[in-house]
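Results of the structural survey
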Amino acid sequence: MCGIVGIVCIKPKNISKNIFLANNQMKRRGPDDEGFVLFDDKNIDVCYGEDTPMESFHDKQVYYPSKNIKSTFGNNYNIAFGHRRLSIVDLTSHGHQPMCDESRRYWIVFNGEVYNFKEIREELDSLGYSFKSDTDTEVILKSFIQWQEQCLQKFNGDFAFSIYDTKKDEMFLARDRVGIKPLYYTFQNDTFVFASDIKTLIASKLYKLEMDMEGIYHNFSFSMTPRPNTSFKDVFALSQGHYMTLDCKTLKSKTTEYWDIPTNMQDLSMSENEAIEILEEELKKSIKYRLLADVDVGTFMSGGIDSTTISAIASKLHPNIKAFTLAFDKSISQYDELEEAKATASMYDMQHIVSLLDADVVLNNIDNMVLGYEEPFYHLAANFAISEIVKNNGVKVVLNGLGVDELFAGYSVY
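Calculation rules
Residues numbered from 1 in each chain as written. Predicted model: local features only at pLDDT ≥ 70, side-chain atom pairs only at ≥ 80, totals over all residues. Heavy atoms only, no water. Helix = DSSP H or I, 4+ residues; strand = E, 2+ residues; numbered from the N terminus. Rg over C-alpha atoms; globule rule 2.2 N^0.38 Å. Buried < 20%, exposed > 50% of the residue type's maximum accessible area, 1.4 Å probe, protein only. Contact = heavy atoms within 4.5 Å. Lys, Arg positive; Asp, Glu negative; His and termini not counted. Charge placed at Lys NZ, Arg CZ, Asp CG, Glu CD. Phe/Tyr/Trp six-rings, centres within 6.5 Å; stacked < 30°, edge-to-face > 60°. Lys NZ or Arg CZ within 6 Å of the ring centre and 35° of its normal. Axes fitted to C-alpha atoms, helices over the stretch in contact; angles between N-to-C directions. Parallel < 35°, antiparallel > 145°, perpendicular 65-115°, else oblique. Left-handed = near helix turned anticlockwise from the far one by under 90°. Nonpolar A, V, L, I, M, F, W, Y, C, P; charged D, E, K, R; others polar. Pairing = 2+ DSSP bridges. Expected span 1.5 Å × (residues − 1). Patch = residues over 30% accessible without salt bridge, like charges linked within 9 Å, V, L, I, M, F, W, Y side chains within 5 Å. Areas by Shrake-Rupley, 256 points an atom, 1.4 Å probe, with all protein chains shown as cover. Salt bridge = Lys/Arg side-chain N within 4 Å of Asp/Glu carboxyl O.

**A short note on the overall build of the protein chain**
Helix and strand counts for the protein chain stand at twelve helices and 18 strands. Its C-alpha radius of gyration of 22 Å places the protein chain within 12% of the 22 Å reference for a compact globule of 414 residues. Expressed along its principal axes, the backbone C-alpha trace of the protein chain runs to roughly 65 × 50 × 50 Å. Looking at the protein chain as a whole, 48% of its 414 residues are labelled buried. Within the protein chain, counting contacts between residues at least 6 apart in sequence, those at least 24 apart form 65% of the total. Of the charged side chains in the protein chain, 42 are positive and 60 negative; the average position of the first set lies 8 Å away from that of the second.

**Examining the packing of aromatic side chains**
Two aromatic rings are characterised by how far apart their centres lie and by the angle between their planes. Per the counting criterion, the structure on display carries 19 aromatic pairs. The residue whose ring lies beneath lysine 142 is phenylalanine 131, and the NZ or CZ to ring-centre distance is 5.0 Å. Across from the ring centre of tryptophan 147, 4.4 Å away, lies the NZ or CZ of lysine 154, which sits over that ring.

**With respect to the packing of helix H6 (residues 272–290) against helix H7 (residues 305–317)**
It is at 10 Å that the axes of H6 and H7 come closest, and there the two elements cross at 65°. As judged from the angle between their axes, H6 and H7 are roughly perpendicular. Like other packed secondary-structure pairs, H6 and H7 cross with a definite hand, here right-handed. For the pair H6 and H7, the contacting residues are Leu283, Lys284, Ile287 and Lys288 in the first and Thr309, Ile310, Ile313, Ala314 and Leu317 in the second. Of the residues assigned to the contact of H6 with H7, the class counts are six nonpolar, one polar and two charged.

**A short note on the sheet that holds strand E1 (residues 3–13)**
The strand order E4-E3-E2-E5-E1-E11-E10-E12 describes an open sheet built from eight strands, whose pairing is mixed. Of all the strands in the sheet, just strand E4 (67–68) and strand E12 (236–237) have a single pairing partner and so form its edges. Where strand E2 (residues 33–39) lies against strand E3 (residues 44–48), four bridges are found, and the strand directions are antiparallel. Looking at the pairing, phenylalanine 36 lines up with cysteine 47 of E3.

**What to know about H7**
With 13 residues, H7 extends 19 Å between its outermost C-alpha atoms, agreeing within 8% with the 18 Å of an ideal straight helix rising 1.5 Å per residue. Burial in H7 covers these residues: Asp306, Ser307, Thr308, Ile310, Ser311, Ala312, Ile313, Ala314 and Ser315.

**Quick look at unusual backbone geometry**
For the bond from glutamine 97 to proline 98, the omega torsion is 0°, close enough to zero to count as cis. Here the bond from arginine 227 into proline 228 is cis, since omega is 15°, no more than 30 degrees from zero. Along the chain, proline 228 falls in the loop between helix H5 (213–222) and E12. Positive phi is not limited to glycine here, since glutamine 148 has a value of about 55°. Among the structural elements, glutamine 148 can be located in the loop between helix H3 (136–147) and strand E8 (157–165). A relative accessible area of 25% places glutamine 148 in the partly exposed class. Positive phi outside glycine occurs at leucine 251, with the angle close to 65°.

**Remarks on a nonpolar patch on the surface**
The grouping of Leu363, Ile366, Val370 and Leu380 at the surface amounts to a nonpolar patch, some 330 Å² of accessible area in total. Tracing the sequence through the fold places leucine 380 in the loop between helix H10 (366–373) and helix H11 (383–392).

**A look at the sheet that holds strand E16 (residues 321–328)**
In space, the four strands of this open sheet follow the order E17-E16-E15-E18, with parallel pairing throughout. The two strands at the open ends of the sheet, each matched to only one other strand, are strand E17 (350–357) and strand E18 (397–399). In this sheet, adjacent strand axes meet at a mean angle of 30° when their direction is disregarded. As judged from the eight bridges shared by E16 and E17, these two strands associate in the parallel manner. Paired with lysine 322 across the strands is glutamine 351, a residue of E17. Those strands touched by helix H8 (residues 338–347) are E16 and E17, and its axis lies near 165° from that of E17. Running over the sheet, H11 touches strand E15 (297–300), E16, E17 and E18 and is turned about 140° from E16.

As structure tokens, this is what we get:
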């Protein structure tokens, strides 16, 4: 999952404790590693925290963390980045963030995955770029150096990232095409703060929590507040398919759309069989990309068409994949799809792991579930419970069917 946070001040301020507190809030997003970088007019301080595995570093790395973040408390800085890492690709310290290029001009914090990063890396190799890691993070960074904002047109993935150009004193923030990865921000007088979640903005102590009644009204109308607004006053989401440029000297910003859902492109002469063939090919390609990881990958598998289809295809590409299903007790049997899931598992090469969910488990964890939603939401899903089961089975990444109903009109609400 990972988590990113950044603070930009027009005038130097004592912000190292703020970035420390904000980063701590994201520990659940990234328990494997944490890192910080702080900038003033003359210096770049690369810092470690309590969860940074310092024993894995060597001082030849250009982003070697040489100071404890707490040692900088009391110092004044203009800009600070924080990062929490869930290690998925290149599990070594070469994947540590914040990451910079060899010149230390460009610095990135990134959450997500760019699935076609290996193809892009080959193109960058041919242009003379070299790489010190096997991460998609470094590919994003060097793609931006080569193509600037046009790099976004090359990325196939879900992402939210920020890149600071120390020479231009300019920040670039971007979010994936359909907004799978979150990116929130707020302007507070002469300070700009961004983060992966609203809780982190609050934890920084640079934003005072206040509800936005218009945002709440829209939330209750549409089940979520239309972006870029949120349910909180002065807190905005970078809209899906958009990027932002920020002048760090003045905090003047500009937001630009780089992608929208293509319309009026249907080939009405296509036969049903042709459409099925293309859809199946795209599904296989999409799932194959998402199985690329240096950790175990599993699937959520209810009895619905979406997750069983994804699990079935994944099992052909990744034999003996772990597929997780929740079974429900009689009091909530209307949600039980175990028999359908069992039927799918019997036809494919997968480890089917079934866990019985008691209603009390949901109720006992309701505070954690609500905290995960952040903004008001009309539905309480069992993702928290099944995610805990997945973790206990040693799986870090799971494929699921979220978004399928929106694409294929699966429920009457769409």
